[in-house]
Amino acid sequence: MKVLITGGAGFIGSNFIHYWMKKYPNDKIVNLDILTYAGNLENLKDIENNPNYKFIQGDICDANLVNSLVKDIDLIVHFAAESHVDRSIANSQDFVRTNVEGTRVLLDAAKNHNIRFHHVSTDEVFGALNFNDQPFDEKTPYDPHSPYSASKAASDHLVRAYYHTYKLPITISNCSNNYGPYQFPEKLIPHFITNLIENKKVPVYGEGKNIRDWIYVEDHSRGVDLIIQKGEIGETYCLGGANELTNLELTKIILKLMDKGEEMIEYVADRLGHDLRYAIDFSKAKNKLDWEPKMNFNQGLKETIKWYKNNSEWWKKLKKEKGA
């Protein structure tokens, strides 16, 4: 099989490429990435000379380029997205362009060649939960609260529209917060880990009461794989980590694992429109695909901390060059 992966130089995309090439070594992968601030070819340095892997630097909004790449492709796995909420609040233009228009360009190319299309989305499209609400599932109404989540919601709707209108063979996954190796150091977990390695304080929004569900990136990759192999065309599957924690609880776990005290916490002004809680019910994926997360959260954090300690050149370079 020949697979086009968009955004494959980013955190989740590069982990997925490593996963796929290990599991399906005979498949050919084309990685299309424009290499914005979060794209990093260092994530894939160990496979750059593999004959079954090819990197193309380019924009998913470039219809001519996209159409030239998909002519002999069997599957598109669409990770490419602007994804940082704070950046979307500061300036939403790039988010609408990449996440909405870029997805449309890819869908048109897939339609023209009848290519199987998997779209990777987020739980943030569902809005926010109160403390006692039931977790998000595939039937939860969309209610995005940030420019980022609104752009992802729009792209999800476009993907479904191409299924209903053109019978394009699509699936969608909505996942909770990912963590693991190669994550850009502005994101919460790597930001805190790298700050503590440098003996800097960690910034906690508000009182740290906001709740997130965390999924180890390899569990996410495995879930996407199962959806591609066994998922029903036209269907959506939610992938969660079964790890609901307040940001303060998460911070204290990281501090403990890194032998740091709570004096390293710095409380900062809360984010605009900060959603209170995300949580995912992954019963459908479990019942239909026999998928559930395997990584224990504390063990996953230990592995992640170890990776950042062992790859300081990787993240220090990013912090210096890209202001993470």
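In this text the structure is predicted, and so the values were computed from the model without any measurement.

About the criteria used
- Residues numbered from 1 in each chain as written.
- Predicted model: local features only at pLDDT ≥ 70, side-chain atom pairs only at ≥ 80, totals over all residues.
- Heavy atoms only, no water.
- Helix = DSSP H or I, 4+ residues; strand = E, 2+ residues; numbered from the N terminus.
- Phe/Tyr/Trp six-rings, centres within 6.5 Å; stacked < 30°, edge-to-face > 60°.
- Buried < 20%, exposed > 50% of the residue type's maximum accessible area, 1.4 Å probe, protein only.
- Core = buried A, V, L, I, M, F, W, Y, C linked by side-chain atoms within 4.5 Å.
- Contact = heavy atoms within 4.5 Å.
- Pairing = 2+ DSSP bridges.
- Expected span 1.5 Å × (residues − 1).
- 1 Å grid on protein atoms, 1.4 Å probe; cavity = no way out; pocket = protein on both sides within 12 Å on 5 of 7 lines; lining within 4 Å.
- Points joined across faces, edges and corners; volume = space filled by probe spheres on them.
- Nonpolar A, V, L, I, M, F, W, Y, C, P; charged D, E, K, R; others polar.
- Axes fitted to C-alpha atoms, helices over the stretch in contact; angles between N-to-C directions.
- Left-handed = near helix turned anticlockwise from the far one by under 90°.

Focus: unusual backbone geometry
Item 1. One non-glycine residue, N114, lies in the positive phi region at around 50°.
Item 2. Its place among the elements puts N114 in the loop between helix 4 (93–113) and strand 5 (116–122).
Item 3. The phi torsion at D290 lies on the positive side, around 60°, for a residue other than glycine.
Item 4. Turning to its location among the elements, D290 is positioned in the loop between helix 9 (283–289) and helix 10 (297–310).

Some words on the packing of aromatic side chains
Item 1. Taken as a whole and assessed by the stated rule, the structure comprises 17 aromatic pairs.
Item 2. Note on Y182 and W314: the rings are 6.2 Å apart at their centroids and 80° apart in plane angle, and the pair reads as edge-to-face. Of the two residues, Y182 sits in the loop between strand 7 (177–179) and helix 6 (188–197) while W314 sits in helix 11 (residues 312–322), which places them 132 residues apart along the sequence. Neither residue differs from the other here; Y182 and W314 are each classed as buried.

Some words on the nonpolar core
Item 1. By size, the foremost hydrophobic cluster in this structure holds 35 residues, and its most contacted members are I5, F16, I17, I29, V77, L239 and W291.
Item 2. Sorting the residues of this core by element identifies strand 1 (2–6), helix 1 (11–23), strand 4 (75–78), helix 7 (217–230), strand 10 (236–239) and helix 9 as the ones contributing at least two each.
Item 3. Here I29 is in contact with V3, I5, I17, W20, M21, N52, Y53 and K54, once residues within four sequence places are set aside.
Item 4. Within the second largest apolar cluster, 30 residues are counted, among which are L196, L248, L250 and W307.

Details of the pairing of strand 8 (residues 202–205)
Regular strands show a simple pattern: their side chains alternate between the two faces of the sheet.
Item 1. The alternating pattern of strand 8 places V202 and V204 on a buried face and P203 and Y205 on a face that is not buried.
Item 2. The pairing of strand 8 with strand 12 (residues 265–268) spans four bridges and is parallel. Note on strand 12: the bridge partner recorded for P203 is E266.

Focus: helix 7
Item 1. Over its 14 residues, helix 7 extends 20 Å from the first C-alpha to the last, a length consistent with the 20 Å expected when each residue adds 1.5 Å.
Item 2. Burial analysis of helix 7 places 11 of its 14 residues in the buried class, the great majority of the element.
Item 3. Those residues of helix 7 that fall on the buried side of the exposure criterion are V217, D219, H220, S221, R222, G223, V224, D225, L226, I227 and I228.

What to know about the layout of surface pockets
Item 1. Space inside the second largest pocket adds up to approximately 240 Å³.
Item 2. The set of elements that each furnish at least two residues to the lining of the second largest pocket consists of helix 1 and helix 7.
Item 3. If one sorts the elements of the lining of the second largest pocket by residue count, helix 1 sits on top with five residues.
Item 4. Residue composition of the lining of the second largest pocket, by class: five nonpolar, three polar and three charged.

What about the packing of helix 6 against helix 8 (residues 247–257)?
Item 1. At a minimum axis distance of 11 Å, the contact between helix 6 and helix 8 shows a crossing angle of 40°. As helix 6 runs across helix 8, the sense of the crossing is right-handed. Two secondary-structure elements touch here, helix 6 through L188, I189, F192, I193 and L196 and helix 8 through N247, L250, T251, I254 and L255.
Item 2. Looking at side-chain class alone, the contact of helix 6 with helix 8 contains eight nonpolar, two polar and no charged residues.

Re the sheet that holds strand 9 (residues 211–216)
Item 1. Reading across the sheet, the three strands line up as 7-9-11 and stay open at both edges, with mixed pairing between neighbours. Each of the sheet's edge strands pairs with one partner strand only, and the pair in question is strand 7 and strand 11 (244–246). On average, each strand axis in the sheet is inclined to that of its neighbour by 50°, with strand direction left out of account.
Item 2. One ladder, built from three bridges, connects strand 9 with strand 11; its direction is antiparallel. Across the sheet, R212 pairs through a bridge with L245, a residue of strand 11.

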